[in-house]
Amino acid sequence: MGTKWGRIGAFFAIVIALGVLISQTAFDVARSTNLGLDLQGGFEVLYELEPDDEGELTEDDIEATASALNERVDVLGVSEPSITVEGEDRIRVQLPGVEDQEEARELLSTEANLSFRTVDDELLLSGEDLEQGGASAGFNDANQPIVQVTLQDGEAFGDITSELYENTPPEDSLVIWLDYDEDEHSFYDEIGEADPAFLSAPSVPQPLYTEDVSIEGMESLEEAEFLAEMLNAGSLPVQIEEVYSNAVGASLGEQALEQTLFAGMIGVALILAYMVAYYRFMGVIAAITLSVYIYLVMILFNSIQGVLTLPGIAALILGVGMAVDANILTYERIKEEIKQGRSMRSAYRLGSRRALGTIIDANITTIIAAAVLFYFGTSAVQGFAVMLIVSILTSFITAVYGSRLLLGLWINSRSLNRKYWLFGVKERDVRRGL
Amino acid sequence: MFAVDFKFADKNIDLIKPRKSFFAFTILVVLAGAILLSTFGLNLGIDFSSGTRVDFMADEPLTEEEIENEFAEIGLAPDDITLAGDDNEQASAQFIGALEQEEVTDLQVHFDEVFGFEPNVSTVSPQIGRELAINSLIATGLASLGIVIYVAIRFEFLYGLAAITALLYDAFFVISVFSLLQLEINIPFIAAVLTVIGYSINDTIVTFDRIRENVSKEEEERDIENFEQLAGIVNKSLLQTLTRSLNTVLTVLFAAVAIWLLGSEAITSFAFAIVLGLIAGTYSSLFFAAQLWLVWKNKAIKRQQNKPAPEAEQP
């Protein structure tokens, strides 16, 4: 029977279409991948929330703290921040690509609890009495930087100030604190210091029935702006403590990405070269499906909003190993069947079928390991696990079905019949007469 | 035209006969590992203990003295400094206690000014370190358990038992070498050990799958009664899958060695662990796991043969 050219034509049509698709879009796919902070520099911190005075930490506290942190991160303008609650009392903040790491750290960890107190540290007004989003930075008449805040209730402030106004100095002062700590701070200790812990302590010149209060005592306009932004973002409902932090310099991250990608490409190139050398024609098919595999993994990984980290790249390249293994298992089986003297078509069919069961068992066990890792691992390990799972699922599509489809077109075209060397089989090894 | 083909299946190689030597070798390696672990211990990175690690780089080669001086300028004294990179232009310093937030900020600013690159700083509190270590152990244990259950269901219990013995050996081998070389144990290392476990089980299952297939083929023709018969099947299966095992390991080794030698500092030890695991995994699936199964299976068959016999003799 003659060669069926239509199938070979279909093969080339598929390969060319894939080639065009990949070469046209690979760049965009690569660019839209979210890089973890180990690859582009950035800052990651794990906070532990400390329960309030009553010793309780409710879910509301955690949620409120997470959303307050979120507001603050918005101030920083990081493009892909991630704020996740871990366990019962922890929040992880990841800021890849953040330019000013010191500012980020300070911005995140300041509680931003503004309070108005008497000289005896008695609470008069707290951050809760402020109008949300009503803070702004500016200058006063003396051209000193100030922060202007808006109160919810001007009447209450009037009552407080009229009471204070009647006192004699220094008891007519309204002490304004940021992050007042009962155990550490008192007005009379700080007043003697060159740089007191409170923001300012103006004496009240008259009863002030107003909603607008300006806070002096800012060292610079930047400080004023910082405080205004913090007040607008909202205070943290509970105290937080840093238990883990990881800061990666941008150039170190970039270097890590370049080196690892380069190493990965060398590794993949070696794999493809070896496959072609050992499995000849089937190796070429494997090389095509492996390229499609890498492309597909990246698309899938992007579509589930995965963040590519160093362990993730490692998982991707190791996934290539799994995909190669699926190819090798199938090709070895096909070669065995060819040596048994079967025709190309039945060798291909039997080989593919017999290899499939093995491939499924091998892949499922690895998925079990990856799933456990994902469930119990911390963020870096989770990135690895997600990539591994995506890789295995994709390798199943490309290395099993993709490879079968492409190889099948050639086998069924009958153009390869008896061309044993194309499969890396020596003709004299083929058993005759079956 | 010359065709590359290992053709192990046609060669007369006996992987069963020297099994006692293989078992002895395996036990020896495990003993050596146990001694190493109990004397040298593991070099736990800050991920699993606590402290601060600073990684930085410069345009020019660095010396330990220079780095110590720079730390001294901001009032810090690192407990350990290691140089890295082709020309020592990279370095990392470790502090046993976790640094304060302000200290870290000072450090970042200072090193950025002096060397022109912002350093990497990670700090871990003791509590987090302990939790990570415990979580990793639990995860490894559960992953192994899940795999055994799956293999036991899909194959049979003895296969699962042999497979898990092989994978524990592989993981233990990697950990032992890390103890010998005093390489740092960090989070990526855990990921590496789990990958090794995945590969090891993958390898063993491919072999076992073939054994199972050949056993059922044989059983269609006649019962498997003696050790030699079973040993012949196991040996044949091992040789049939040998080309695949070697080719798969070789290709994965290409990738792992490339990452090990050329990849970023941060995953060098990760890739090295994988390379070690691949070597151990190949050894255990070729010379250990199937042989172990063979011995156990043989005992099980003997037991079954002996059991019904006395009952039949009862009057």
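Residues numbered from 1 in each chain as written. Chains lettered and ligands numbered in written order. Predicted model: local features only at pLDDT ≥ 70, side-chain atom pairs only at ≥ 80, totals over all residues. Heavy atoms only, no water.

Student: What is the right way to look at the domain arrangement of chain A in this model?
Tutor: Bring the parts together and some accessible area is lost; that lost area is often taken as the interface size. Residues and elements named next belong to chain A. Taken domain by domain, chain A consists of domain 1 (1–36 + 249–429), domain 2 (42–110 + 236–248) and domain 3 (112–234). Taken together, the contacts link nine residues of domain 2 with eight residues of domain 3. For the pair domain 2 and domain 3, the summed buried area comes to about 800 Å², and 60% of that belongs to carbon and sulfur atoms. In terms of surface lost to domain 3, no three residues of domain 2 exceed R72, V75 and T110, which account for 47% of the buried area on that side. Run the count over domain 2 and domain 3 and you get zero salt bridges. Counting only elements with at least two residues in the side of domain 2 that touches domain 3, the list comes to α3 (59–76) and α4 (101–109). (Domains from an automatic or database assignment. Contact = heavy atoms within 4.5 Å. Buried area = accessible area lost by both parts, 1.4 Å probe. Salt bridge = Lys/Arg side-chain N within 4 Å of Asp/Glu carboxyl O. Helix = DSSP H or I, 4+ residues; strand = E, 2+ residues; numbered from the N terminus.)

Student: Honestly, the interface of chain B and chain A in this entry has me stumped. Any pointers?
Tutor: With 74 residues of chain B at the interface, the matching set in chain A holds 73 residues. Of the roughly 6300 Å² buried between chain B and chain A, counting both surfaces, carbon and sulfur atoms make up 61%. Looking at the side of chain B facing chain A, the largest losses of area belong to Q101, E118 and Y150 of chain B, adding up to 9% of the total buried there. Counting across the interface, chain B meets chain A through four salt bridges. The interface formed by chain B and chain A contains nine residue pairs in polar contact (both at pLDDT 80 or more). Of all the secondary structure elements, the ones that give two or more residues to the side of chain B that touches chain A are β2 (51–57), α3 (101–115), β5 (120–124), α4 (126–154), α6 (187–221), α7 (227–262) and α8 (268–287) of chain B. (Polar contact = N/O pair within 3.5 Å; in protein donor to acceptor, adjacent residues only side chain to side chain.)

Student: Looking at this structure, I do not really get the domain arrangement of chain B. What am I missing?
Tutor: Residue and element names in this part refer to chain B. According to the domain assignment, chain B contains domain 1 (18–43 + 127–306) and domain 2 (51–124). Relative to domain 2, the C-alpha centre of domain 1 lies at a distance of 40 Å. Taken together, the contacts link four residues of domain 1 with six residues of domain 2. Here domain 1 and domain 2 share an interface that buries about 290 Å² over both sides, 49% of which is from carbon and sulfur atoms. Linking domain 1 with domain 2 are one salt bridge.

Student: Hey, could you run me through the packing of aromatic side chains in this one?
Tutor: Residues and elements named next belong to chain B. Counted according to the given criterion, the structure contains 29 aromatic pairs over all chains. Centre to centre, the rings of Y169 and F288 are 5.9 Å apart; their planes meet at 50 degrees, and the pair counts as tilted. Here Y169 is found in helix α5 (residues 157–180), whereas its partner F288 is found in the loop between α8 and α9 (289–306), with 119 residues between them in sequence. Overall, the relative accessible area of 6% leaves Y169 in the buried class. Pairwise contacts between aromatic rings join F22, F23, F25, Y169, F173, Y283, F287 and F288 into one cluster. Sitting over the face of the ring of F155, R212 holds its NZ or CZ atom 4.2 Å from the ring centroid. (Phe/Tyr/Trp six-rings, centres within 6.5 Å; stacked < 30°, edge-to-face > 60°. Buried < 20%, exposed > 50% of the residue type's maximum accessible area, 1.4 Å probe, protein only. Lys NZ or Arg CZ within 6 Å of the ring centre and 35° of its normal.)

Student: Explain the sheet that holds strand β9 (residues 175–178) of chain A here, please?
Tutor: Whether parallel or antiparallel, the strands of a sheet pair through hydrogen bonds between backbone atoms. All names here are of chain A. As summarised here, the arrangement of the three strands in space is β6-β5-β9, forming an open sheet in which the pairing is antiparallel. Strand pairing shows two members of the sheet lacking a second neighbour, β6 (123–126) and β9, which therefore form its edges. Averaged over all pairs of adjacent strands, the angle between their axes in this sheet comes to 25 degrees, without regard to strand direction. Where strand β5 (residues 114–117) and β9 come together, four bridges link them in antiparallel fashion. Its bridge partner being in β9, F116 is matched across the sheet by I176. (Pairing = 2+ DSSP bridges. Axes fitted to C-alpha atoms, helices over the stretch in contact; angles between N-to-C directions.)

Student: Teacher, can you tell me more about the pairing of β5 of chain A here?
Tutor: Regular strands show a simple pattern: their side chains alternate between the two faces of the sheet. Residues and elements named next belong to chain A. On β5, burial covers both faces: L114 and F116 on one face and S115 and R117 on the other are all buried. Relative to β6, β5 runs antiparallel, the two being bridged by three bridges. Bridge assignment links S115 to a residue of β6, and that residue is S126. Hairpin connection from β5 to β6: five residues lie between these consecutive antiparallel strands, with D121 at a positive phi of about 65 degrees.

Student: I would appreciate a short explanation of the pattern of salt bridges in the present structure.
Tutor: If charged atoms from side chains of opposite charge come close, those side chains can pair. Scanning the entire structure with this criterion turns up 17 salt bridges over all chains. Among the ionic pairs, R92 of chain A bridges to E44 of chain A, the shortest N-O distance being 2.9 Å. A residue pair is termed long-range when its members are at least 10 positions apart, and R92 of chain A in strand β4 (residues 90–96) and E44 of chain A in strand β2 (residues 42–50) qualify at 48 residues. The residues R92 of chain A and E44 of chain A share a single accessibility class, namely buried. The residue E213 of chain B makes a salt bridge to R333 of chain A at a minimum N-O spacing of 2.7 Å. With E213 of chain B in helix α6 and R333 of chain A in helix α9 (residues 310–339), the pair connects residues from two separate chains. Several salt bridges converge on common partners, so that one network encompasses E44, E86 and R92 of chain A.

Student: It is not clear to me how a negative patch on the surface should be interpreted in this structure. Could you clarify?
Tutor: Taken together, the side chains of E131, D153, E155, D159, E163, E166, E211 and D212 of chain A define an acidic patch exposed on the protein surface. Within the fold, D212 of chain A resides in strand β10 (residues 212–215). (Patch = residues over 30% accessible without salt bridge, like charges linked within 9 Å, V, L, I, M, F, W, Y side chains within 5 Å. Areas by Shrake-Rupley, 256 points an atom, 1.4 Å probe, with all protein chains shown as cover. Lys, Arg positive; Asp, Glu negative; His and termini not counted. Charge placed at Lys NZ, Arg CZ, Asp CG, Glu CD.)

Student: Quick question: what am I supposed to make of the sheet that holds strand β3 (residues 80–84) of chain B here?
Tutor: The antiparallel open sheet is built from eight strands, whose spatial order is β3(A)-β4(A)-β2(A)-β11(A)-β5(B)-β2(B)-β4(B)-β3(B). Strand pairing shows two members of the sheet lacking a second neighbour, β3 (82–86) of chain A together with β3 of chain B, which therefore form its edges. Each neighbouring strand pair of the sheet contributes to a mean axis angle of 20 degrees, computed without reference to strand direction.

Student: Would you take a moment to explain the environment of D89 of chain A for this structure?
Tutor: All names here are of chain A. Positionally, D89 belongs in the loop between β3 and β4. Classification of D89 by relative accessible area gives partly exposed; the value is 26%. Spatially, the C-alpha atom of D89 lies 7.8 Å from that of E50, the residues being 39 residues apart in sequence.

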